[in-house]
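Here is what each chain is made of, one letter per residue.
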Amino acid sequence: MRTFNEKVWELTKKVPKGKVSTYQEIAKELNCKAYRAVGYALNKNPFAPIVPCHRIIKSTGEVGGFAHGSKKKIMMLKKEGIEFYGDKIKNFEKILFKFK
DNA sequence: CTAATGACATTTG
DNA sequence: ACAAATGCCATTA
């Protein structure tokens, strides 16, 4: 059956390169406010390289956490053309991908 | 079934 | 504006 986690991964896969999304947006798309569960799902995500989990950040514009270290996450995002103010995303609202 | 956990978000001091 | 406390939901033990 399609678990909550699978839905999360599926939405995460839809985020285009060079853009990011938030845990909150994903939760909302699933008709709930389980941002916590979303993070949990991505952490336990068995499709580590398949799903672009690094494109999911906090609603505040901070990168949040990452299984291999937040530092790595930032590096990967930078590689995709995303700019940073230290640990915070630059032009956050402009590169934010919305599902709706 | 109950308790604990976590890559969060929002409110409060 | 920043840091701490509180609330949140699904998953796991």
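Residues numbered from 1 in each chain as written. Chains lettered and ligands numbered in written order. Predicted model: local features only at pLDDT ≥ 70, side-chain atom pairs only at ≥ 80, totals over all residues. Heavy atoms only, no water.

**Points about the protein's contact with DNA strand C**
Using the following cut-off: In this text, near means that some heavy atom of the residue lies within 4 Å of the molecule or strand in question. We define a polar contact as two N or O atoms separated by no more than 3.5 Å, with the added condition that, inside protein, one atom must be a possible hydrogen donor and the other a possible acceptor, whereas residues neighbouring each other in sequence contribute only through side-chain atom pairs. Labels follow the DSSP assignment, with helices taken as runs of H or I lasting at least four residues and strands as runs of E lasting at least two, numbered in each case from the N terminus. Under the convention adopted here, Pro, Cys and the residues Ala, Val, Leu, Ile, Met, Phe, Trp and Tyr are nonpolar, Asp, Glu, Lys and Arg are charged, and Gly plus all remaining residues are polar.
Neighbouring DNA strand C are Phe4, Asn5, Ala34, Arg36, Ala37 and Tyr40. The share of sugar and phosphate among atoms of DNA strand C within 4 Å of the protein is 75%. With respect to DNA strand C, the backbone of Phe4 contributes an N or O atom lying 3.4 Å from a phosphate oxygen. One of the side-chain N or O atoms of Arg36 is found 2.9 Å from a base oxygen in DNA strand C. Per-element accounting of the surface near DNA strand C gives the leading share, 3 residues, to helix H3 (residues 35-43). The residue makeup of the surface near DNA strand C, split by class, is 4 nonpolar, 1 polar and 1 charged.

**Some words on the pattern of salt bridges**
Heads up, the rule is: When a carboxyl oxygen of Asp or Glu lies within 4 Å of a side-chain nitrogen of Lys or Arg, that pair is called a salt bridge. Working definition: with a 1.4 Å probe on protein chains only, accessible area under 20% of the residue-type maximum means buried, over 50% means exposed, and in between means partly exposed.
Across all of its chains, the model carries 3 salt bridges by this definition. Close ionic contact of Arg55 with Glu80 constitutes a salt bridge, the shortest N to O distance being 2.8 Å. Separated by 25 residues along the polypeptide, Arg55 in the loop between H3 and strand E2 (56-57) and Glu80 in the loop between helix H4 (70-79) and strand E3 (84-85) bring together distant segments of the chain. Across this residue pair, the class does not change: Arg55 and Glu80 are buried. Across the pair Glu83 and Lys90 runs a salt bridge, and its minimum N-O distance is 3.8 Å.

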